[in-house]
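Read off the chains here:
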Amino acid sequence: TGATTTLAILSSCPKLRVLHLQNNPLTKNLPYYRKNVIRACRELRYLDDRPVFPEERRRCEAWCRAMDDSGGDVCEARAVEREVVEALRRERREAEECQWEYWNEVWEEGRACESGRPQDCSLAGATIGETIEEEEKVCEALSFCSNLMEEELGLSLKPPPPPQPDEEKEGTVKIVELTS
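Rules and cut-offs
- Residues numbered from 1 in each chain as written.
- Predicted model: local features only at pLDDT ≥ 70, side-chain atom pairs only at ≥ 80, totals over all residues.
- Heavy atoms only, no water.
- Helix = DSSP H or I, 4+ residues; strand = E, 2+ residues; numbered from the N terminus.
- Contact = heavy atoms within 4.5 Å.
- Areas by Shrake-Rupley, 256 points an atom, 1.4 Å probe, with all protein chains shown as cover.
- Phe/Tyr/Trp six-rings, centres within 6.5 Å; stacked < 30°, edge-to-face > 60°.
- Buried < 20%, exposed > 50% of the residue type's maximum accessible area, 1.4 Å probe, protein only.
- Lys NZ or Arg CZ within 6 Å of the ring centre and 35° of its normal.
- Patch = residues over 30% accessible without salt bridge, like charges linked within 9 Å, V, L, I, M, F, W, Y side chains within 5 Å.
- Salt bridge = Lys/Arg side-chain N within 4 Å of Asp/Glu carboxyl O.
- Lys, Arg positive; Asp, Glu negative; His and termini not counted.
- Charge placed at Lys NZ, Arg CZ, Asp CG, Glu CD.
- Arc of directions from axis to C-beta.

### Regarding the overall build of the chain
Within the chain one finds six helices and four strands. Each helix (α) and strand (β) of the chain, taken in turn from the N terminus, gives the series α-β-α-α-β-β-α-α-α-β. If you take every contact in the chain between residues at least 6 apart in sequence, the share linking residues at least 24 apart comes to 59%. As displayed, the chain has an accessible area near 12,400 Å², and 51% of this comes from carbon and sulfur atoms.

### What to know about the packing of aromatic side chains
Applying the stated criterion across every chain, the model contains two aromatic pairs. Measuring from ring centre to ring centre gives 4.9 Å for Y102 and W103, while their planes differ by 70°; the resulting arrangement is edge-to-face. Note on Y102: relative accessible area 9%, which makes it buried. Residue W103 is classed as partly exposed on the basis of its relative accessible area of 42%. Note that K35 overlies the ring of W63, its terminal NZ or CZ placed 5.3 Å from the centroid.

### Describing helix α3 (residues 33-40)
With seven of eight residues buried, α3 is to be regarded as a mostly interior element. Those residues of α3 lying buried are Y33, R34, K35, N36, V37, I38 and A40.

### Let's talk about a negative patch on the surface
A contiguous patch of negative charge, built from E94, E96, E97, E101 and E105, is present on the exposed surface. Following the sequence through the fold, E96 ends up in helix α5 (residues 74-114).

### Description of helix α1 (residues 2-11)
For α1, every residue scored as buried is listed here: A3, T6, L7 and L10. On an axial view of α1, the arc spanned by its buried residues comes to 95°, and they lie on one face. For α1, the exposed residues set more than 90 degrees away from the buried face come down to T4 and I9. Considering only its buried residues, α1 is in contact with β1 (18-20), α2 (25-28) and α3.

Take a look at the structure:
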């Protein structure tokens, strides 16, 4: 069908990052347009002037897989998508708790050092070697939380940069309707 051909063409563009198909007749023939295009275009960052975040990509991929596995059962696909949304919420909550615990420890350490109670401050009387070890521990904790948020959860600390509307960029394809 035309929808299958459209997805095959789009998926054959490995560097495709930005795609504008809004109001294009191709989208009318493509059921669940946004979900299917996001799944087909692995590197897509913007679709129709809206960013494609990692969370949305995970939801779309799960939804499309469920549609394939269930033979097109929309109810099953929605149920799988809800499960992914719940998993994302759980993962986000765990990452926030990890980050909260770390910053709470740092805050308590800072209070102990500022209070003038050197016995409560792990850096009090430390040699340079011990201080470097403490710095490495802080870096490891920050790295762990950051990696958990970005790699495992797909949570980006910064949104992707918006595309420049009039500027040609490598990997950008704009499909327009041609009329006679």
